Amino acid sequence: MTLQIFWFCLIAVLWSGYFVLEGFDFGVGMLLPFVPRGSKERGVLLESIGPVWDGNEVWLVVAAGGTFAAFPAWYGAMFSGFYLLLLLILVFLIVRAVSFEWWNKSESPRWRSFWLGANVAASFGAPFLWGVALADLLYGVPLGSDGDFTGSIGDLFSAYSVFAGIAVVCLFAFHGATFLTLRTTGELHERTTRIARMLALPGAALGAGFAIWTVAVATDRNDKSVFPPVLPAALAIVALLLAAVLVRRGTSGRAFVATALGAVLTVATLFTSLYPRVMVSSPDFGNSLTVSNAASSHYALVAITVVALILTPLVLLYQGWTYYVLRARLAGEEVVSPAEALVPPSSGSPAG
Amino acid sequence: MNWSVYSTYVGNVFGAPLAIEGLAAFFLEATFLGLWIFGWNRLSPRIHLATIWLVALGTWTSAFFILVANSWMQHPVGYKVVNGRAELTSVWQLVSSPFALWAFVHTILVGLTAASLVVLGVSCWHLARGRNQDLFIRGAKLALVVALPVSAANLWVGSHFGIYTTETQPMKIASTEAQWNTCQPCSFSLIQIGGFTQSDETPSFSIQIPDLLSFLATGSFNGKVVGINDSQKQEQRQFGRGNYIPPVEAVYWSMRIMAGLGTLIFLVAAVGAFLYWRKRLERARLYFWAAVWTIPLPFIAALAGWVLTEVGRQPWIVYGLLRTSDANSPSVSATWLGISLGIFALLYAALTVTDVVLLRRYADPDRPVPTEAAPSAVSY
């Protein structure tokens, strides 16, 4: 039982990591049409997330892999039940990954605007759909007695789940803006600060709204009392309001920490509201999947727990080091693109 | 995504190597690749070099764990079935499964072969056009030094993997050879017309090499190979009524494409190495073009190999435990499967075409260099 709780928490942590890390790189993608003036500044925005978005996305892959290993029935029901959502998310993520590699591989303005547009669309689309999908875990979808999804596409969209999608988009846009205030200088920095200030209110308000609504759904549809979910929800609201205040004061570093905390606590609110269930069944509440009926056997959990305990700290260490290495603010002059970086800058043009 | 019964049935065993792959390999690859690409001038040369080695370590680790997972579907070990689902009982048996180790070595050699042939082909393309001789002759020589041993080793490993498969999945090997009846010794058919269905077991035309199938399947020229019909009877006794014969024609041809191209690739590498040894590589214009046209072959061979191993396992998704037809998601309709398959096929086709065009352009030194930018900076 304790290992099941450990894996439920670890999966929540992985989702938190995904929200914090890919959250800001999605946010930067959303701001591409609004913040930069001219191609040089667009390059700075893409450079700010270019080295890290791929590593950030692995948090999602491992969250899914961990779900498969620790809670096979949850994985089976979720990934088949949310088929359409995940199909679209996959298309968005594939196109977005390619856009990072390809957008500057040609001089043609049409080529560049196409791939930048694709990046922007995917940066809006994927977080929206993740918001919908994660909200559905709590709101409940029709599950059969064997834990298999028995509903249709319409069951995935409720006022709550669509609101969750919009809230996640706004939260990530705000988080991406505070990230950019940390990574830019000069006139671009001033403009990102202004955008961050503009996004502070909607980001904080929708984030807070989502936290409150989540606690309401937890009591209404998941047989939870107000406490404990209200605790992370209240902290999430505090963090987001604090972020809004800090952004107005112009303290970039602290504002970014606050939006990151806001993202973590939003995930924490959702998972606290969910426990001990992992996927709520509605209308047949009795068919809900729980940490115990969806879990793998004890031996399998022990095996993956040992591996996770060894590797997770290591991953945190080297990913943290990456951010340390890439900490310098980007002015736009010494930007090196992936294509050009294939050859050391001193040795001339690539593939020569 | 559309295999919920499968996920629930195997997650307990199959999920573990997958989760470990994510934690141990994907993080390593993704994080350090980003650091390598953007780390020039920010890291000391040694540490910068170390980052790409960590990426390589990540890809090897990734290959290992994904093949451990796949090999469990081919030849399940280290599990027991409890309440209608498989439960892991031994991590050690899972990761030390001979099937997984053969598959891992085979796949790594395929990867090295493909990579070295791309380097060889691109280098020879430049040499054929007389560009930058010094650089590209070095590239071609380095590629040959890798390609010759790995493609040779792969023929050996591949054939031993085949012998091991005969022991674990006799039906797959019998189908691969369209060998309906048990034989000893057995001749190998290079090509044949007809003879791929139960109602038409005898090909109307075939080219046979005596005793070779016995050697390939068992390691002895007088080995016994159990035919499809006997395997079918055996599996019916073991698993109950049903048709346990995979699509014979598909696996027959995929094996021949894989093995034929594998041999051809080895010959290309051997001829190149011979020219290198006789110091005639620099002027071997005909060879340059042969090497260019070899570039796609390892990819086609690898795809054919996957068709062979996956289609050859049918009707099972997990050999002997779960049938493919029982493993899908009841909630995902055939219509949605068709739509999603269509979307991904279109998306991947478009991306592949674009990728090939880009690779072609980037391999070409005559491509216009952005004029407004200094070599080190980018023209955004």
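Details of the structure are given in the entry above.
Residues numbered from 1 in each chain as written. Chains lettered and ligands numbered in written order. Predicted model: local features only at pLDDT ≥ 70, side-chain atom pairs only at ≥ 80, totals over all residues. Heavy atoms only, no water.

**Some details on the overall build of chain A**
Along its length, chain A carries 12 helices and two strands. The order of helices and strands in chain A, counted from the N terminus, is α-α-α-α-α-α-α-α-α-α-β-β-α-α. By the compact-globule yardstick of 20 Å for 352 residues, chain A fits well, its C-alpha radius of gyration being 21 Å. Oriented by its inertia axes, the alpha-carbon framework of chain A measures out at about 65 × 45 × 40 Å. Expressed as a percentage of the 352 residues in chain A, the buried residues total 64%. Taking all contacts inside chain A whose residues are at least 6 apart in sequence as the whole, residues at least 24 apart take part in 79%. Carbon together with sulfur atoms contributes 69% to the accessible area of chain A, which is approximately 12,500 Å² in total. Distance from the positive charge centre (19 side chains) to the negative charge centre (20 side chains) of chain A: 12 Å. (Helix = DSSP H or I, 4+ residues; strand = E, 2+ residues; numbered from the N terminus. Rg over C-alpha atoms; globule rule 2.2 N^0.38 Å. Buried < 20%, exposed > 50% of the residue type's maximum accessible area, 1.4 Å probe, protein only. Contact = heavy atoms within 4.5 Å. Areas by Shrake-Rupley, 256 points an atom, 1.4 Å probe, with all protein chains shown as cover. Lys, Arg positive; Asp, Glu negative; His and termini not counted. Charge placed at Lys NZ, Arg CZ, Asp CG, Glu CD.)

**Some remarks on the overall build of chain B**
A tally of helices and strands in chain B yields 12 helices and six strands. Taken along the three principal axes of its C-alpha coordinates, chain B extends 70 × 50 × 40 Å. Looking at chain B as a whole, 48% of its 380 residues qualify as buried. The contacts of chain B with a sequence gap of at least 6 include a subset with a gap of at least 24, amounting to 72%. Of the side chains in chain B, 24 bear a positive and 19 a negative charge, and the two mean positions are spaced by 8 Å.

**Description of the pattern of salt bridges**
Residues and elements named next belong to chain A. Scanning all chains against the criterion turns up 12 salt bridges over all chains. With a closest N to O distance of 2.9 Å, Arg 191 and Glu 41 form a salt bridge. Of this pair, Arg 191 sits in helix α8 (residues 186-221) while Glu 41 sits in helix α2 (residues 39-49); the two residues are 150 residues apart in sequence, bridging distant segments of the chain. The class for Arg 191 is buried, based on a relative accessible area of 5%. One salt bridge in this structure joins Arg 191 and Glu 187, with 2.7 Å as the shortest N-O distance. (Salt bridge = Lys/Arg side-chain N within 4 Å of Asp/Glu carboxyl O.)

**As for the interface of chain A and chain B**
Interfaces are frequently sized by the accessible area removed from exposure as the parts join. Listed as interface residues are 78 residues of chain A and, on the opposing side, 69 residues of chain B. Where chain A abuts chain B, roughly 6,500 Å² becomes buried across the two surfaces, and 72% of that area is made up of carbon and sulfur atoms. Taken as a group, Phe 68, Tyr 83 and Tyr 318 of chain A account for 10% of the area that chain A buries against chain B, more than any other trio of residues on that side. The tally of links between chain A and chain B comes to one salt bridge. With a shortest N-O distance of 3.4 Å, Arg 42 of chain B and Glu 47 of chain A are connected by a salt bridge. Our count for the chain A to chain B interface comes out at nine residue pairs in polar contact (both at pLDDT 80 or more). At the level of elements, α2, α3 (53-70), α4 (72-81), α5 (83-102), α6 (109-139), α11 (298-325) and α12 (338-341) of chain A are the ones that each hand at least two residues to the side of chain A that touches chain B. Among the elements that line the side of chain A that touches chain B, the one with the most residues is α11 of chain A, at 14 residues. Class assignment of the residues belonging to the side of chain A that touches chain B gives a composition of 50 nonpolar, 19 polar and nine charged. (Buried area = accessible area lost by both parts, 1.4 Å probe. Polar contact = N/O pair within 3.5 Å; in protein donor to acceptor, adjacent residues only side chain to side chain. Nonpolar A, V, L, I, M, F, W, Y, C, P; charged D, E, K, R; others polar.)

**Let's talk about helix α9 (residues 230-249) of chain A**
All names here are of chain A. Under the 1.5 Å per step criterion, the end-to-end length of α9 is 28 Å for 20 residues, consistent within 8% with the ideal 28 Å. The complete set of buried residues in α9 reads Pro 232, Ala 233, Ala 236, Ala 239, Leu 240, Ala 243, Ala 244, Leu 246 and Val 247. Contacts made by the buried residues of α9 are with α7 (159-183), α8 and α10 (252-274). Phi turns positive, to about 80°, at Gly 250, one or two residues after α9. (Expected span 1.5 Å × (residues − 1).)

**Focus on the nonpolar core**
Trp 15, Phe 71, Trp 74, Phe 82 and Met 279 of chain A are the most contacted members of the largest nonpolar core, which totals 170 residues. Element by element, the count of residues in this core is highest for helix α1 (residues 4-38) of chain B, at 18 residues. Each residue touching Trp 15 of chain A, except ones within four places of it in the same chain, is listed here: Leu 60, Ala 63, Trp 130, Leu 134, Val 267 and Phe 271 of chain A. One finds Leu 117, Leu 127, Val 268 and Ala 284 of chain B within the second-largest nonpolar core, a separate group that totals 21 residues. (Core = buried A, V, L, I, M, F, W, Y, C linked by side-chain atoms within 4.5 Å.)

**Let's talk about the state of the cysteines**
Residue and element names in this part refer to chain B. Overall, the coordinates contain one disulfide over all chains when judged by the stated rule. Here Cys 183 pairs with Cys 186 through a disulfide, and the sulfurs are 2.1 Å apart. When the S-S torsion is 105°, as for the bridge of Cys 183 with Cys 186, the disulfide is right-handed. The burial state of Cys 183 is the same as that of Cys 186; both residues are buried. (Disulfide = S-S within 2.5 Å.)

**Quick notes on the packing of helix α1 (residues 2-31) of chain A against α10 of chain A**
All names here are of chain A. The interhelical angle for the contact between α1 and α10, taken along N-to-C directions, is 145°, at an axis separation of 9 Å. Of the two possible hands of crossing, α1 and α10 adopt the one that is right-handed. Packed against α1, whose contacting residues are Phe 8, Ile 11, Ala 12, Trp 15, Ser 16, Phe 19, Val 20 and Phe 24, the element α10 presents Phe 256, Ala 260, Ala 263, Val 264, Val 267, Phe 271 and Leu 274 at the interface. Looking at the contact of α1 with α10, its residues break down into 14 nonpolar, one polar and no charged. (Axes fitted to C-alpha atoms, helices over the stretch in contact; angles between N-to-C directions. Left-handed = near helix turned anticlockwise from the far one by under 90°.)

**Some details on the layout of surface pockets**
Residue and element names in this part refer to chain B. Of the pockets and cavities examined, the second largest pocket occupies roughly 1,200 Å³. Lining the second largest pocket are 47 residues, with His 106, Gly 158, Met 258, Ala 259 and Gly 305 positioned closest to its centre. At the level of elements, α2 (45-74), α4 (98-128), α5 (133-168), α6 (170-176), β3 (188-193), α7 (212-218), α9 (248-277) and α11 (297-311) are the ones that each hand at least two residues to the lining of the second largest pocket. Looking at the lining of the second largest pocket residue by residue, the class counts come to 26 nonpolar, 18 polar and three charged. (1 Å grid on protein atoms, 1.4 Å probe; cavity = no way out; pocket = protein on both sides within 12 Å on 5 of 7 lines; lining within 4 Å. Points joined across faces, edges and corners; volume = space filled by probe spheres on them.)

**A word on the environment of Val 120 of chain A**
Residue and element names in this part refer to chain A. Here Val 120 is to be found in helix α6. With 89 residues separating them along the chain, Val 120 and Leu 31 place their C-alpha atoms 7.8 Å apart. Those residues within four positions of Val 120 in sequence are excluded, and the remaining contacts are Gly 29, Leu 32 and Pro 33.

**Re the environment of Leu 156 of chain A**
All names here are of chain A. Among the secondary structure elements, Leu 156 is positioned in the loop between α6 and α7. Using a relative accessible area of 2% as the deciding quantity, one classes Leu 156 as buried. For the pair formed by Leu 156 and Ala 135, sequence separation is 21 residues and the distance between their alpha carbons is 9.1 Å. Not counting the four nearest positions on each side in its chain, Leu 156 is found in contact with Gly 81, Phe 82, Leu 85, Val 132, Asp 136, Val 141, Phe 149 and Ser 161.

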